[in-house]
Amino acid sequence: MFDRKSAIVGAMSPHGCNGADGHRRVRIGEAIGWDLVQIAAFAATSLELESTLRSIFRLDLPTNTGEVLNAGDLRLLKTGSEQYWIVIPDGDDLLRDLVVSVRPDVGAVTSLSHSRTRIVVEGSAARDLLAKGIALDLHTDVFVPGRFAQTGLHHTPVVIYRSGPSRYELFAMRTFALSVWEWLIDASLPFGYEIVAVGRDPLA
Amino acid sequence: MCPICGERDYTEFRYGGDATKPRPSRETADPKVWHDYVFLFDNPKGLHREYWQHVLGCRQWLVLERNTATNEPGESRLARMDVVTCEGEPK
Amino acid sequence: MTRGPSRVSTGGRVDRSRPVEFSLDGRSMRGFHGDTLASASLANGVTLIGRSFKYHRPRGFLSAGSEEPNGLFTLGEGGRREPNIPGTTTYIAEGLSARCQNGWPSVGLDFMSVNSCVAPLLAAGFYYKTFMGPTRGAWMFYEPFIRRAAGLGRGSYERDPDRYETRYAFTDVLVIGAGPAGLTAALTAGRAGARVILVEQDLLLGGSLLLEEATGPAEAWRQHIEMEIKSLPNVEIMRRTTAQGLYDDGTVVLVERREHLRPDPTKGEARQIVTTLRTRAIVFATGAIERPLVFANNDRPGVMLASAVRSYLNRFAVACGQRMVIVTNNDSAYSTGFDLARVGATVIIADLRREIDQSLTARTEALRIELVLGSAIVDVLGRKSVKSVIIAEAPRLSNASEHTRPAKGRKVDCDLVCMAGGWSPVVHLTSHGGIKPRYREDIAAFVPGGYARGQFGAGALGGSFGLGAAIREGIEAGRSAAASCGRNMPPNQLSVLAPNIEDAVAQERYRIEPIWHLPHRRRAKAFVDFQNDVTVKDLTIAHQEGYTSVEHLKRYTTLGMGTDQGKTSNINAFAIMASLRDVEIPATATTTFRPPFTPIAIGALAGRTLGRHFRPTRRSPLHDWHLNHGGEMIEAGLWMRAWWYRWAGSDVGSAYIEEMRLVRNSVGISDISTLGKIDVQGPDAAELLNRIYVNGFAKLLVSKARYGVMLTDDGAVLDDGTTTRLSEFRYFMTTTTAQTGEVMSWLEFLLQTAWMDLQVHVTSVTDEWAGMVISGPKARAALELALPGHDVSNATLPYMGCLEIDLDGVPLRLIRLSFSGELAYEVYTPADFGVRLWEHFLTRAAPLGIRPYGLEALASLRVEKGHVAGLELDHRNTLDDLGLGKMASKEKPFVGCELRKRPSLQSSDRWSLVGIECLESEKRLRGGSILFAAAESIEGHGRGYITSVTWSNELEKFVALGLYQGGLIHEGEQIVCAYPLKGEQVKARIVAPMFLDPTGERLRV
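Calculation rules
- Throughout, a residue's number is its position along its own chain's written sequence, starting from 1.
- Each chain takes a letter, starting from A, and each ligand takes a number, starting from 1, following the order in which they are written.
- In view of the model being predicted, local features appear only for residues whose pLDDT reaches at least 70, and side-chain atom pairs are presented and counted only at 80 or more, with totals across whole chains, interfaces and linings using the full set of residues.
- Side-chain metrics in this entry use all non-hydrogen atoms of the structure; hydrogen atoms and water are not considered.
- What makes two residues a contact is simply this: any of their non-hydrogen atoms within 4.5 Å.
- Only one rule defines a salt bridge in this text: a Lys or Arg side-chain nitrogen within 4 Å of an Asp or Glu carboxyl oxygen.
- Working definition: helices are DSSP H or I runs of at least four residues, strands are E runs of at least two. Numbering for both runs from the N terminus.
- Each residue is assigned to one class: nonpolar for Ala, Val, Leu, Ile, Met, Phe, Trp, Tyr, Cys and Pro, charged for Asp, Glu, Lys and Arg, and polar for all the others, Gly among them.
- Domain boundaries shown here were taken from an automatic or database domain assignment.
- Accessible area that two parts lose when put together, with a 1.4 Å probe and added across both, is what the buried area reports.
- Here a polar contact is taken to be a pair of N or O atoms separated by no more than 3.5 Å, where protein atoms must pair a possible hydrogen donor with a possible acceptor and residues adjacent in sequence count only if both atoms sit in side chains.
- For two strands to count as paired, DSSP must find a minimum of two bridges between them.
- Axis definition: a line fit to C-alpha positions, over the contact stretch in the case of helices; interaxial angles, taken between N-to-C directions, run 0 to 180 degrees.

(A) Just the interface of chain A and chain C, in detail. With 51 residues of chain A at the interface, the matching set in chain C holds 51 residues. Where Lys-132 of chain A meets Glu-165 of chain C, a salt bridge forms, and the shortest distance between an N and an O atom there is 2.8 Å. Elements with a minimum of two residues in the side of chain A that touches chain C: β3 (34–41), β7 (107–111), α3 (126–131) and α4 (177–188) of chain A. Element by element, the count of residues in the side of chain A that touches chain C is highest for α4 of chain A, at 6 residues. Here the residues of the side of chain A that touches chain C sort into 24 nonpolar, 17 polar and 10 charged.

(B) Structural context of the domain arrangement of chain A. All names here are of chain A. Split by domain assignment, chain A resolves into domain 1 (9–32 + 115–195) and domain 2 (34–111). Relative placement of domain 1 and domain 2: their C-alpha centres are 26 Å apart. Each side of the interface is counted separately: domain 1 has 12 residues, and domain 2 has 13 residues. The junction of domain 1 with domain 2 conceals about 1,200 Å² of combined surface from both sides, 59% of it contributed by carbon and sulfur atoms. Together, Arg-147, Phe-148 and Tyr-161 form the three largest contributors to the area buried by domain 1 at its contact with domain 2, with a combined 40%. A salt bridge links Glu-169 to Arg-75; the shortest N-O distance between them is 3.0 Å. Summed over the shared surface of domain 1 and domain 2, the number is 5 residue pairs in polar contact (both at pLDDT 80 or more). Listed by contribution, the elements that provide at least two residues to the side of domain 1 that touches domain 2 are β8 (116–122), β9 (148–153), β10 (156–164) and β11 (167–173). Looking at the side of domain 1 that touches domain 2, its residues break down into 6 nonpolar, 2 polar and 4 charged.

(C) Molecular detail of unusual backbone geometry. Residue and element names in this part refer to chain C. The omega angle of the peptide bond from Pro-595 to Pro-596 is -5°, so this bond is cis rather than trans. Looking at the element boundaries, Pro-596 is found in the loop between α15 (585–588) and α16 (602–606). Despite not being glycine, His-56 has its phi angle at roughly 55°, a positive value. Relative to the elements of secondary structure, His-56 occurs in the loop between β4 (50–51) and β5 (58–59).

(D) Focus on the environment of Pro-425 of chain C. All names here are of chain C. Within the fold, Pro-425 resides in strand β25 (residues 423–425). With 502 residues separating them along the chain, Pro-425 and Gly-927 place their C-alpha atoms 61 Å apart. Apart from the residues lying within four places of it in its own chain, the contact partners of Pro-425 are Gly-287, Ala-288, Ala-445, Phe-446, Val-447, Ala-460, Leu-461 and Gly-463.

(E) The pairing of strand β50 (residues 984–991) of chain C, seen in detail. Residue and element names in this part refer to chain C. Direction of pairing for strand β45 (residues 911–918) relative to β50: antiparallel, over a ladder of 4 bridges. Residue pairing across strands places Gly-915 opposite Val-991, the latter belonging to β50. Linking strand β49 (residues 974–979) to β50, which pair antiparallel, is a turn of 4 residues; within it Gly-983 sits at a positive phi near 65°.

(F) Fine view of the interface of chain B and chain A. Contact residues are listed per partner, giving 9 residues for chain B and 13 residues for chain A. Carbon and sulfur atoms supply 52% of the area buried between chain B and chain A, which totals about 810 Å² over both sides. Considering only the surface of chain B that becomes buried against chain A, Ile-4, Arg-8 and Leu-56 of chain B emerge as the three largest contributors, covering 54% of it. Measuring nitrogen to oxygen at the nearest pair gives 2.7 Å for the salt bridge that ties Arg-80 of chain B to Glu-82 of chain A. Taken together, chain B and chain A are joined by 4 residue pairs in polar contact (both at pLDDT 80 or more).

(G) A look at the sheet that holds strand β21 (residues 375–381) of chain C. All names here are of chain C. One open sheet holds the 3 strands; their spatial order is β21-β22-β23, and the pairing between them is antiparallel. In this open sheet, the two edge strands, each paired with only one partner strand, are β21 and β23 (410–413). Each strand of the sheet is rotated relative to its neighbour by a mean of 30°, with strand direction disregarded. The pairing of strand β22 (residues 388–393) with β23 spans 4 bridges and is classified as antiparallel. Residue Ser-388 lies in a different strand from β23, and its bridge partner there is Asp-413.

(H) A look at the sheet that holds strand β24 (residues 416–420) of chain C. Residue and element names in this part refer to chain C. Spatial ordering of the open sheet is given by β16-β24-β18-β19-β20, a layout of 5 strands whose pairing is parallel. The sheet is open, and its two borders are formed by β16 (303–305) and β20 (370–373), each paired with just one other strand. Strand-to-strand twist in this sheet, taken as the mean axis angle between neighbours without regard to direction, amounts to 20°. By the bridge criterion, 5 bridges tie strand β18 (residues 323–328) to β24 in an arrangement that is parallel. Bridging across to β24, Met-324 finds its partner in Leu-416. Sheet strands in contact with helix α7 (residues 333–342) are β18, β19 (346–351), β20 and β24, and its direction is about 165° off that of β18.

So this is what it looks like as structure tokens:
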């Protein structure tokens, strides 16, 4: 009945701006149409939760924080020693399944689909752009494509997932998302940028 | 240094106080014990243990060793693995 | 015969095919690409470029680098105007406009030079004596005169239109300085496979190699190494970049200057870029700075450092004079003499030493240089430029005290004097971490006292002044640095081609005699610190008055406190002080080195943290709706909140009253998305809540909400809010907007450090849920219109009840709570649906006259009802202070329960919550008013203050909440509310803090 309205929809008109050298070396867009579920074990239930999740996904879970498991449309991020984030296309029944399968005395299932805004940044200057605000070594040998980190950008918490050598996804707090977006656009000015229309995979 | 996330910028952390003092048990009704816990602190020169929270990261509370004279950080561990508890109190 | 500096026809490293126009004091001039403002000015024959700080003495360039004390300019116009910039490190760009400083009306004709006549007034300790002593009153008289006369350039009040950036970077090895040691270190570490960043404050790499002739073997070697380095993809070169400070854990702050590229802010090009660089290893190859010698009138324009004169000749093709006298205590100055003699200048070398190396003597003879051993310059004649010097016999003592009378000397005509007092290694950065420099007798200089783990030094920094040594040490440091990052390399790959420079060998045998202070007449001024006009006499006064420690000396005389931070002056001053105290130099030590190495523009540190990017703004999911529908916004912490709406009035004062009337009489809707929301889940969730709230939560039923207050360990109120039990193991907690972060961290702290046994998990869901409150007597009717088919009757959804429903696939959480005192429902929905739901309520309930109301009305409604909020919860008050003491459970321990009973918190005198009603109908109450008892005189801090105020439609008067000494003991008493800022005093009365519906009938209908 109601359509979902993104936090940065107002800033989303596709346009661009050439950088000092006449090029547009970053592309920025918002990915929509996904859900995010957090699953966390309690102090004494981490093993039990792991085995529950293994039986649901029929896959080995990542062992270290920062590692990601990709299985079809599903992406599972290990966000803590006994905590996971699951990103799935919206409308998927997985959330309902999880609520049913994860017993409330074994784990806490929390929907965070609306809490985060997913901003995709890509291009030859993407790393230089993010290095202006993210105090992480983004060198490809260190922050390997396929990994993610929980860190800060513009004083707000963000999860940064490196989905390719020069492609990053930022999960920014929804209420700060427009501020983070404006910061990114301003920081992109010298590189030149292209704002890409909203979509499930806006830069595809 | 966060035991979960690795080496991180100091701006991602918030300070959370002295980690050498055990928190009195909830049932402690002696106001003197609470008074000492809340208000009395040593100010050691040298190695110290402090609480820090990785707020712009995994949000875990850590116990960090830090040399207060040189600011040199030492070992950092998850607080829940490393907390000082009251003697005799079941953890 | 011409006098003074001029461009020579060949040589140098400037690009003669690219002329650059610039202006100096409005005069148009021409230089070449690659010129600094200093070299271009000298090439145009300009020697007088400023007046000194206190005495307004004419000054010229002393150096050719970042140590320059005299040659400071004001660059740019309007908002770009920047004062005190050394001309020696500023590259000219087309259109550059520079102005000399501290001369009025001009540096050539400066009326303020009368200061030289009142010099005794301005001697060491002048400020202290005038401020502190019996002459303090005199300061009032002197001040305007002194302020106008003393000083350097002036900044701008206009907004700086340029853009600055800050960024983070990471590397294995940072090499600081691109002289021969730094170049080889970077090359070696790079070849070993380490990630390397090489920073150089100059535009060109090469360091001391740039002092050598532009066509010689040194240059060939420099270019070869540079090419080699550039061929390595893992080495990044940052030119025009200064390592400003060394911080904990190998962090270095770099400032890159790009002014010479004429950056365009509209294209996003930055004028300066600050990099916070994390390193795993550092090679310091910062080189050394030449020291002046101290003699009478050593500050006259045309008295320069010998190495600078060589730099101007070989780097910039500028001969600083035609007839020069070099005065030196060491070997390095001879190269300057040789090079200038080669281009036809007349050269006399006055060497303070009585014996020198034979090879030097031979070469001076070959070049027809007059060499006078054992002699000193005892005076310089000429005011705005050097005319001649007096050469006399040098003292035999290592440092002559002021009273040594100079021997009778001979007068020598000249237009240039070169000083060579030896070399001071640039130990600044290595000392930032707290490692004190160490004095080395053999080179008469301080070197690093050691290096921290993962840090290495090479070249002149460590006192190895020869080129061969620099290269050897550079290779070794580069290898060690790479190895410390796990990048080892076989020794056979370490060879780096060494240049064939004849001086290289000679420089290996650097000889110096530690004589710096030459004899002079008692009244003559011999300068130690050129920028701050500190003379030998000032040091003598400081010594006589007992300021002998270097840290005291510095502060008493202002020595080394200028923008150059005493780079050329400190060691000379310490040596002179050591001699006055009759101790060795190591006994005086050095002052503390602190970042930054050179001045940094505040704008560069701020970067883009300006305007709307100053801090992040937090916006509700309904933000845009408010903006588009007459909502006026207000900042609340980082949040922007809807303050009031234009439908209700044209200003906040009239609108909020109208909005309150709406809620009291019919129904309104307000955005409460900013409330902190925490998802509390787990088998022990109830236990957690029961421990942190003062009141009981163990028995809260599913689908019920409860108001709760939490304390900190010291017994003060931390926050309040409601928590709703959604299911057996799941609760929905709300906190005040302001305390969300604190409460979340506090819960995490308790769960992770104290109550690890509790099976609970907490997650912030503030951003997940949009929240709105529908309140007013017609609130239920509004819900019924908007949610057809859902039963929201009093039976299904009673006061403090909760209902989760599904509105065509959209989940809604309805909680019947009231902040306003009216029948009210908080409605939560996932944030992306927020606007649609809000619009849905407005549309469906339109027949009831529903309208939005803002923060001002929201906050005022609760004042009327007597609910406390952020303004009352000041982190100092207790439950009892707020009249909530009865909430505290006696059945269970809770956080803060012991310390809240401290006797000092039980005093009946504490400032506690009261209601206040205005007794003067034509006056108003104001938040922040200070409260006094009726008959009391209005002075001091009073007995309390008003925390929040509102006009009450119900009572037709202003009512307020406040904290008052003794609280409701004084109920019914008359008081005075004073607002000194507006000179207001209003009569009021203390009443119970509840102005409306005390039995709460309206809530339960």
